[in-house]
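The residues making up each chain are set out below.
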Amino acid sequence: MRSMSKTSAATETKSATTPIRGEVGPTMMGSEILVAALEREGVDTIFAYPGGASMEIHQALTRCKKIRTILPRHEQGGVFAAEGYARASGRVGVCMATSGPGATNLVTGIADAYMDSVPLVAITGQVHQLMIGKSAFQETDMFGLTLPIVKHSYLVTDINDVARIVKEAFHIAQTGRPGPVVIDVPKNIQQQRAQPVFLKAANLRGYHPNPRASEIELNEIIGLIEKSERPVLYVGGGIITSGASPELRQFVEATRIPVATTLMGCGSFPETHPLSLKWLGMHGSAYANWAVSEADLLLAFGVRFDDRVTGKVDKFCEHGAIVHIDIDASELNKNRRVHLPIISDIKYALAQLAQLVKARPIRKQFTPWHERIAAWKAKAPLRYRVTDEVLKSQHVREHMGGDAHQVIMPQEVVELLCELTRGEAIITTGVGQHQMWAGQFYQYSTPRQLLTSAGLGSMGFGFPAALGAKAAFPDRQVVDIDGDGSFLMNVQELATAHIENIAAKAVILNNQHLGMVVQWEDRFYAGNRGHTYLGDPENAKQIYPDFVAIAKGFNVKCERVMFRKDLRAAMQRMLETPEPYLLDVITPYTEHVIPFIPAGKSVAEMIWEP
Ligand SMILES: Cc1ncc(C[n+]2csc(CCOP(=O)(O)OP(=O)(O)O)c2C)c(N)n1
Ligand SMILES: [Mg+2]
């Protein structure tokens, strides 16, 4: 489904069925056609960093009243912000960069959007067409470079294609399984003039993004549920993407099947619901992992059997029948051979299933199964304790003057944030231990509430993503729960927050370490530190870097909290301030994320006692 654009637009494009009419615009520059086409897609925000090969488009943006252009301070910040915007709103996120280094700086974000199926349009400037292939200044083959990490891509070769390509790019990015689309626009095309034709709809032969399960397949699922004693739902990002949360809830309440989500699926089913098992996998709840491992029927809906979920894949739900519904046929039988693979939009399938069980209720109550799960929940809730290791840690000795009872555990920071925001904030994260605690100790009750780089695991995602989410929802509380390492990777976006008045907040769980790597060092490398300390080895007593001083340089408010007694008031101040705000919470580095299923192992080897 990847091709370069070759053909010219006509005033009327014929399709097999109905002709799709277009609207002819006045003669404009290519850059203006591009911007006008973005306006027609309803774009209200673009995260764009200029350069020689894209400044023409920036010039056109200055004349555009409908689109807010936000200048990130690094293209990676821009693409993550566009992702934050898209993940929070469900609309297409749009970012732009110049050719060469600007474009390559987008690559991590494009890969991130690809892995997590985020609708994204990434526009890049390209050198003059006559210079392509000549190692021109700032020439990079963006089309080739991104080929394995896009849903589709275009190198524009004719100004008459610009409007149609934008129409198609948005259609492809947001339909079916969403994903990133790259549009690479040579500078000469931006500067040429032509009369555009704005098509009303994209017309892509062979692209049918809305497959639907058959009645036979759906009835087969009902039959399997009726036969089963220990069913579990394993649901993921697909539920959120397709907007199927209401249908999921109806189906669950009618069948009483317990629900484990993936990290991407957090909030697709309210975690406060008695049938919620929270999320499963490497650091998921022990009871979700036990339930899946004992299940005799696993309904895998809108998920992709990621290795962080399955562990040793052939041991995953070893004895159960597995039904896998996904909109993307290439996911079926990819990581795990299943008993009933079904290609379908999950919203449609769940709505039909909910209808079927309403018309012919499932007789079984699954009471013994619910009792077993309740016992597991009682035995191994998500919890933490202040261990001796923490009390005697270097952190307590060197930073807290030995006042061990005032130590702040990272998990309680997340719990407190959940309490003070009534579980209603949009949360973004970096990657590491703090990300897992943000997933474990905040209770998500609505879709699009937890925005996290799950598939790619890109450090540096959290703060720019929070800016994007806040740009989409200025009236909601948006908080980045970040790590000291991850935050530093896009620290320059503090400038974007201040200059653009984007009042996103960040709480840094500052353990002075690359905590997640430290955890693996402790478990598998006898605690030998392989470049995982982020502080200043010459002066370990000092908290390094000084985020308070850094934030001051950006004119962003920041407070550091070291003692437990100061945490609540400081967090309240942060939440009440209508400006960007950084809370640097110093936490011990000795803490491990529990539960933990070591990579490639099975549930039997899960470490679950803190
Ligand atoms: C861009 C990038 N580089 C490296 C890694 C590998 N990595 C995963 S977690 C982690 C540690 C993150 O440290 P920090 O942000 O301080 O979070 P913590 O684990 O301490 O909470 C590292 C280095 C990554 N995920 N992304
Ligand atoms: Mg850290």
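One can find the structure itself at the top, above this paragraph.
Quick summary incoming for the structure in this document. Keep in mind the model is a prediction, meaning the values are calculated, not measured.

### So, the pattern of salt bridges
Move 1: Across all of its chains, the model carries 32 salt bridges by this definition.
Move 2: With a shortest N-O distance of 2.7 Å, Arg 40 and Glu 23 are connected by a salt bridge. Taken as a pair, Arg 40 in helix α1 (residues 30-40) and Glu 23 in strand β2 (residues 20-24) lie far apart in primary sequence, 17 residues in all.
Move 3: By relative accessible area, Glu 23 is classed as partly exposed at 40%.
Move 4: Taking the shortest distance from any N to any O, the salt bridge between Glu 253 and Arg 249 comes out at 3.3 Å. Here the residue Glu 253 and the residue Arg 249 both occupy positions in helix α11 (residues 245-255), the gap between them amounting to four residues, near one helical turn.
Move 5: According to the relative accessible area criterion, Glu 253 is partly exposed, its value standing at 41%.

### Looking at the coordination of the magnesium ion (ligand 2)
Move 1: Binding of the magnesium ion (ligand 2) to the protein goes through Asp 484 (OD), Asn 511 (OD1) and His 513 (O), at separations of 2.1 to 2.2 Å.
Move 2: Taken in sequence order, the residues that donate to the magnesium ion (ligand 2) follow the motif D-x26-N-x1-H. Within this pair, whereas Asp 484 is found in helix α21 (residues 484-489), its partner Asn 511 is found in the loop between β21 (505-510) and α23 (515-524), the two being separated by 27 residues in sequence. Across the pair, Asn 511 and Asp 484 agree in class, each one buried.

### Comments concerning the packing of helix α18 (residues 410-420) against helix α19 (residues 433-441)
Move 1: Running from N to C, α18 and α19 point in directions that differ by 45°, and their axes come no closer than 9 Å. One way to sum up the angle between α18 and α19 is to call them oblique. Classified by chirality, the crossing of α19 by α18 is right-handed. Every residue of α19 that contacts α18 at Pro 410, Gln 411, Val 414, Glu 415 and Cys 418 is listed here: Trp 437, Ala 438 and Phe 441.
Move 2: Its residues assigned to classes, the contact of α18 with α19 comprises six nonpolar, one polar and one charged.

### Let's talk about the pairing of strand β6 (residues 93-97)
Move 1: With respect to burial, β6 is a largely interior element, five of its five residues being buried.
Move 2: Along β6, one buried face is formed by Gly 93, Cys 95 and Ala 97 and the opposite face, lined by Val 94 and Met 96, is buried too.
Move 3: Two elements, strand β4 (residues 45-48) and β6, share two bridges in a ladder whose sense is parallel. By the bridge assignment for β6, Ala 48 is matched with Met 96.
Move 4: In the sheet, β6 pairs with strand β7 (residues 120-126) via five bridges, with the strands oriented parallel. Pairing of Val 94 across the sheet is with Val 121, part of β7.

### Structural notes on the side chain of Ser 245
Move 1: As for its position among the elements, Ser 245 is in helix α11.
Move 2: Setting aside chain neighbours within four positions, we find Ser 245 in contact with Ile 239, Gly 267, Ser 268 and Pro 447.

### Describing the sheet that holds strand β15 (residues 297-301)
Move 1: Pairing is parallel in the open sheet, where six strands are placed in the order β14-β13-β12-β15-β16-β17. Strands with a single pairing partner mark the edges of an open sheet, and in this sheet they are β14 (276-279) and β17 (340-343). Ignoring strand direction, the axes of neighbouring strands in this sheet form an average angle of 15°.
Move 2: The sheet contacts of helix α12 (residues 286-294) involve β12 (231-235), β13 (259-261), β14 and β15, and relative to β14 the element is tilted by about 110°.

### Quick look at the packing of aromatic side chains
Move 1: Using the criterion set out here, one finds 14 aromatic pairs in the structure.
Move 2: Taken together, the ring pairs in this structure connect Trp 290, Trp 369, Trp 376 and Trp 608 into an aromatic cluster.
Move 3: Above the face of the Phe 198 ring, Arg 40 is positioned so that its terminal group lies 3.8 Å from the ring centre.
Move 4: Between the NZ or CZ atom of Arg 476 and the centre of the ring of Phe 473, over which it lies, the distance is 5.9 Å.

### Let's talk about α19
Move 1: Here α19 lies mainly inside the structure; nine of its nine residues are buried.
Move 2: Among all positions in α19, only Gln 433, His 434, Gln 435, Met 436, Trp 437, Ala 438, Gly 439, Gln 440 and Phe 441 are buried.

### A closer look at the pairing of β7
Move 1: Within β7, seven of the seven residues are buried, leaving the element largely enclosed by the surrounding structure.
Move 2: Of the two faces of β7, the one carrying Leu 120, Ala 122, Thr 124 and Gln 126 and the one carrying Val 121, Ile 123 and Gly 125 are both buried.
Move 3: Summarising the sheet, β7 and strand β9 (residues 180-186) pair through seven bridges and their orientation is parallel. Counted as the bridge partner of Val 121 is Val 181 from β9.

### A closer look at the nonpolar core
Move 1: By size, the foremost hydrophobic cluster in this structure holds 96 residues, and its most contacted members are Ile 221, Leu 233, Phe 251, Leu 299, Phe 301 and Met 571.
Move 2: Excluding residues that lie within four positions of it along the chain, Phe 251 makes contacts with Ile 225, Leu 233, Ile 257, Leu 299, Phe 301, Leu 350, Leu 353, Ala 354 and Val 357.
Move 3: If you look at the next biggest cluster of nonpolar residues, it comprises 44 residues, including Val 182, Ile 426, Leu 451 and Ile 502.

### Considering the site of ligand 1
Move 1: Taken together, 17 residues lie near ligand 1, and Gln 433, Asp 484, Ser 486, Gly 515 and Met 516 sit nearest.
Move 2: At a separation of 2.7 Å, an oxygen atom of ligand 1 approaches a polar side-chain atom of Asp 484.
Move 3: Interatomic distance of 2.7 Å between a backbone N/O atom of Gly 515 and an oxygen atom of ligand 1.
Move 4: Here ligand 1 loses 75% of its free accessible area of 590 Å² to cover by the protein chains.
Move 5: Looking at the shell around ligand 1, the elements that each hand over two or more residues are α19, α21 and α23.

What counts and how
- Residues numbered from 1 in each chain as written.
- Chains lettered and ligands numbered in written order.
- Predicted model: local features only at pLDDT ≥ 70, side-chain atom pairs only at ≥ 80, totals over all residues.
- Heavy atoms only, no water.
- Salt bridge = Lys/Arg side-chain N within 4 Å of Asp/Glu carboxyl O.
- Helix = DSSP H or I, 4+ residues; strand = E, 2+ residues; numbered from the N terminus.
- Buried < 20%, exposed > 50% of the residue type's maximum accessible area, 1.4 Å probe, protein only.
- Donors = N, O, S within 2.8 Å, 3.2 Å for Na, K, Ca; no water.
- Axes fitted to C-alpha atoms, helices over the stretch in contact; angles between N-to-C directions.
- Parallel < 35°, antiparallel > 145°, perpendicular 65-115°, else oblique.
- Left-handed = near helix turned anticlockwise from the far one by under 90°.
- Contact = heavy atoms within 4.5 Å.
- Nonpolar A, V, L, I, M, F, W, Y, C, P; charged D, E, K, R; others polar.
- Pairing = 2+ DSSP bridges.
- Phe/Tyr/Trp six-rings, centres within 6.5 Å; stacked < 30°, edge-to-face > 60°.
- Lys NZ or Arg CZ within 6 Å of the ring centre and 35° of its normal.
- Core = buried A, V, L, I, M, F, W, Y, C linked by side-chain atoms within 4.5 Å.
- Near = heavy atom within 4 Å.
- Polar contact = N/O pair within 3.5 Å; in protein donor to acceptor, adjacent residues only side chain to side chain.
- Areas by Shrake-Rupley, 256 points an atom, 1.4 Å probe, with all protein chains shown as cover.

In short, geometric facts, not functional conclusions.
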